[in-house]
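# Descriptive analysis of the structure
This is what each chain is made of:
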Amino acid sequence: MDAQHITKKERMAIPRQEMPAQNPDVRNKNFREVNLGYTAELAQEEALRCIQCKDAPCIKGCPGQHQD
Ligand code: SF4
């Protein structure tokens, strides 16, 4: 999908990407993180869902953006 030419409506139609996770039969035998993280491809697909909010609440809530 061409990220530059995608409409807001098309972005909102993209389903949420499920985070890969350890299989329950595997994770019940270890103490590692259950979520395995997005692959680069899944992260790009998930990022396509961004509708560029004017007030960008994601930036306000990001601990890496706090200046105080
Ligand atoms: S909150 Fe941030 S990441 Fe989410 S749609 Fe709005 S601008 Fe995009």
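Check the entry above for the structure.
The present account deals with the structure reproduced in this document. (Residues numbered from 1 in each chain as written. Predicted model: local features only at pLDDT ≥ 70, side-chain atom pairs only at ≥ 80, totals over all residues. Heavy atoms only, no water.)

### Brief notes about the site of the ligand
In the vicinity of the ligand, the residues found are C50, I51, Q52, C53, P57 and C58. Across the shell around the ligand, the residue classes break down as 5 nonpolar, 1 polar and no charged. (Near = heavy atom within 4 Å. Nonpolar A, V, L, I, M, F, W, Y, C, P; charged D, E, K, R; others polar.)

### Notes on unusual backbone geometry
Residues other than glycine seldom take positive phi values, yet Q52 does so here, at roughly 55°. Here Q52 lies in the loop between α3 (40-47) and α4 (57-60). One non-glycine residue with positive phi stands out, namely A56, at about 40°. Relative to the helices and strands, A56 resides in the loop between α3 and α4. (Helix = DSSP H or I, 4+ residues; strand = E, 2+ residues; numbered from the N terminus.)

### Focus on the side chain of Q22
Positionally, Q22 belongs in the loop between α1 (8-13) and α2 (24-27). Of note is the side chain of Q22, whose polar atom sits 2.7 Å from the backbone oxygen of E33. When near neighbours in sequence (up to four residues on either side) are disregarded, Q22 contacts R27, N30, R32, E33, V34 and L36. (Polar contact = N/O pair within 3.5 Å; in protein donor to acceptor, adjacent residues only side chain to side chain. Contact = heavy atoms within 4.5 Å.)

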